[in-house]
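# Commentary on secondary and tertiary structure
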Amino acid sequence: NNKEKLGSQVNYTITGIDAGAGIMSSTQTALKSYGLDKDNWQLQTSSTAAMTSTLDKAIQDKRPIVVTGWQPHWMFTKYPIKFLKDPKNVYGKAEHINTIVRKGLKTDKPEAYKILDRFHWTPAQMSKVMLKVNDGMDPEKAAKQWIKANPKLVGEWTKGVKKVHGQSLKMTYVAWDSEIASTNVIAQVLRNQGYKVTIQAMEIQPVWASIATGAADAQVSAWLPKTSGLFYKDYKGRFDDLGPNLNGAKVGLAVPKYMTNINSIEDLKN
Ligand SMILES: C[SH](C)CC(=O)O
């Protein structure tokens, strides 16, 4: 019955994703700054896949649930969920996702540097690729399809750049749906330019380390200013920041729309 406190209806649990993700440390901060930790609310670590399947089951049973949420992501199109207002601005207003490359890339792989520097697309374009992958399509195939369907935009990224031969490129990324999409698209564009591109999925902290040590050439998983802010600070000076490849992202807590009386993180204490 909804007389019972919301917290007890969801076992005082926020369903999260992989522990290293910035959204998880932002949520730990939110638990404290909204005083939720006083009611011993917990943040559950799992993975994007586990979080979305838990969300799916809760929505099928029309049960209350609180998840870490972000845009662009297909969860907002597939499920009737809404962001909770964040009056203390713990999660920040908007996020952008930056392209971060190894120092020295500009001199030893200028063609790749130029294409990576120009790479920029919208949440709607990214979501097209994400939804294909979510429907079961191989990410590389989804990337090829999107590239074929968007010759004008891709042409802006590669205009005037020479083809290369016999050069390889290494990209690292985190297996969040957004970065599976963006990494596969830009990797395929670079393959079409002649590079032998390998991409490797790992946790977010090793992604930043791989660029700083030069083990990898580029990553497009840098959610900023908040979510990857700590890594940006830790590795400052040991990477080149080529700026956003996507603007208008958003991070926060989300609940199903049928939780009509829960519209702010403050309401979780009801
Ligand atoms: C895709 S998640 C919002 C990114 C992160 O939490 O670092």
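Predicted model only: the values in this text are computed from it and were never measured.

## Notes on the pairing of strand S6 (residues 168-173)
The pairing of S6 with strand S7 (residues 196-201) spans 6 bridges and is classified as parallel. Bridge assignment links Leu169 to a residue of S7, and that residue is Val197. Viewed along the sheet, the connection from S6 through helix H10 (residues 177-192) into S7 turns out right-handed.

## Concerning the nonpolar core
Core analysis: the biggest nonpolar cluster contains 91 residues, and Trp121, Trp157, Ile186, Leu190 and Leu268 have the highest contact counts within it. The element that contributes the greatest number of residues to this core is strand S9 (residues 240-256), accounting for 7 residues. In contact with Leu190, other than residues within four places in its own chain, are Ala112, Ile115, Leu116, Leu169, Met171, Tyr195 and Val197.

## Side note on the environment of Val133
Structurally, Val133 can be placed in helix H7 (residues 123-134). A sequence separation of 31 residues divides Val133 from Val164, and the C-alpha atoms of the two residues are 29 Å apart. When sequence neighbours within four positions are dropped, the list of residues in contact with Val133 reads Pro139, Ala142 and Ile180.

Scoring rules and cut-offs
Residues numbered from 1 in each chain as written. Predicted model: local features only at pLDDT ≥ 70, side-chain atom pairs only at ≥ 80, totals over all residues. Heavy atoms only, no water. Pairing = 2+ DSSP bridges. Helix = DSSP H or I, 4+ residues; strand = E, 2+ residues; numbered from the N terminus. Right-handed = clockwise from strand over helix to strand, strands pointing away. Core = buried A, V, L, I, M, F, W, Y, C linked by side-chain atoms within 4.5 Å. Buried < 20%, exposed > 50% of the residue type's maximum accessible area, 1.4 Å probe, protein only. Contact = heavy atoms within 4.5 Å.

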